Amino acid sequence: METSQAVSLANLYAEMEEAYSKVATLLDFSCQQCPDNCCDSYFQHHTYIEWAYLWQGLLSLPSERLNEYQGRARKAILGYQEAMDKNERPLIMCPVNDNGLCGLYQHRLLICRLHGVPASISTPDGRNRQFPGCFRCQELTAGKANVTTMDRTRFFKTMVNLEQSFLQGHSLPKIKMTLAEMLLQEPPIS
Ligand code: SF4
Ligand code: SF4
């Protein structure tokens, strides 16, 4: 991945964080003292550029740590399959979560950065989708009118543009991968 692409993605992540933080502050919401840890959610990711950026972070780790994460990733994938065989949604801690803390914080993916506060997005077909936020934020905002939300639209548009620029010249299939799967193979372009 070219340095300029990594910088553009890092800048987008920073903008997301700023917007998230504004909404969280207005709602007086934070993750502190949360009884849950949503890093056990079954998140799936869709961009090659984030996959490559994740690998930048992985390759900066000591090899023992990378091996440890990949070992956890293998177990997580088995657990996902086991849950899905029972028609259950997997609830398995992310392989790079170390005792509640993200071991790849600077390189974590888009959904890790957006999950929590209520949000909305306008799709190209003119529809508007609403996301109520995590269970704890829903408890906080229950019964309140005109709840402040984070508009994700421009962030997703920018991500699409960055992905297109990253993929230039490559024709690759759409992806829908867990972080565990991303950990076990390097992206086809990086
Ligand atoms: S986003 Fe919500 S569920 Fe996740 S840790 Fe924060 S408060 Fe808890
Ligand atoms: S990458 Fe980090 S923030 Fe995202 S789910 Fe894994 S541990 Fe949590």
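Report on the accompanying structure. (Residues numbered from 1 in each chain as written. Chains lettered and ligands numbered in written order. Predicted model: local features only at pLDDT ≥ 70, side-chain atom pairs only at ≥ 80, totals over all residues. Heavy atoms only, no water.)

Counting its regular elements, the protein chain contains 7 helices and 5 strands. Start at the N end of the protein chain and walk to the C end: the helices and strands fall as α-α-α-β-β-α-β-β-α-β-α-α. Over its C-alpha trace the protein chain gives a radius of gyration of 17 Å, about what one expects of a compact globule, namely 16 Å for 190 residues. For the protein chain, the spread of C-alpha atoms along the principal axes amounts to about 50 × 40 × 30 Å. (Helix = DSSP H or I, 4+ residues; strand = E, 2+ residues; numbered from the N terminus. Rg over C-alpha atoms; globule rule 2.2 N^0.38 Å.)

What follows is about the site of ligand 1. By nearness alone, every residue bordering ligand 1 is listed as Phe 29, Cys 31, Cys 34, Cys 38, His 115, Gly 116, Cys 134, Phe 135 and Arg 136. Taken together, the residues of the shell around ligand 1 sort by class into 6 nonpolar, 2 polar and 1 charged. (Near = heavy atom within 4 Å. Nonpolar A, V, L, I, M, F, W, Y, C, P; charged D, E, K, R; others polar.)

If you look at the biggest cluster of nonpolar residues, it comprises 50 residues, and the most contacted ones within it are Leu 9, Leu 58 and Met 150. Those elements giving two or more residues to this core turn out to be helix H1 (3-27), helix H2 (48-59), helix H3 (63-85), helix H4 (110-114), helix H6 (153-167) and helix H7 (179-184). Examining the composition of this core, we find that 10 residues originate from one element, H1, more than from any other. Contact partners of Met 150, with chain neighbours within four places excluded, come to Met 16, Ala 19, Tyr 20, Val 23, Leu 114, Val 117, Pro 118, Ala 119, Ser 120 and Phe 155. (Core = buried A, V, L, I, M, F, W, Y, C linked by side-chain atoms within 4.5 Å. Buried < 20%, exposed > 50% of the residue type's maximum accessible area, 1.4 Å probe, protein only. Contact = heavy atoms within 4.5 Å.)

Think of a sheet as strands paired side by side through backbone hydrogen bonds, with each pair either parallel or antiparallel. The 3 strands lie next to each other as E4-E3-E5, forming an open sheet whose pairing is mixed. On the outer flanks of this sheet lie strand E4 (128-131) and strand E5 (150-151), each paired with one strand and no other. Of the pairings in the sheet, the one linking strand E3 (residues 119-122) to E5 comprises 2 bridges and is parallel in character. Each bridged residue has a counterpart across the sheet, and for Ser 120 the counterpart in E5 is Asp 151. Its contacts with the sheet put H6 on E3 and E5, and the angle it makes with E3 is roughly 55°. (Pairing = 2+ DSSP bridges. Axes fitted to C-alpha atoms, helices over the stretch in contact; angles between N-to-C directions.)

Moving on: the site of ligand 2. All residues adjacent to ligand 2 are Cys 39, Cys 94, Val 96, Asn 97, Cys 102, Arg 108, Cys 112 and Leu 179. Of the residues contributing to the shell around ligand 2, the split by class is 6 nonpolar, 1 polar and 1 charged.

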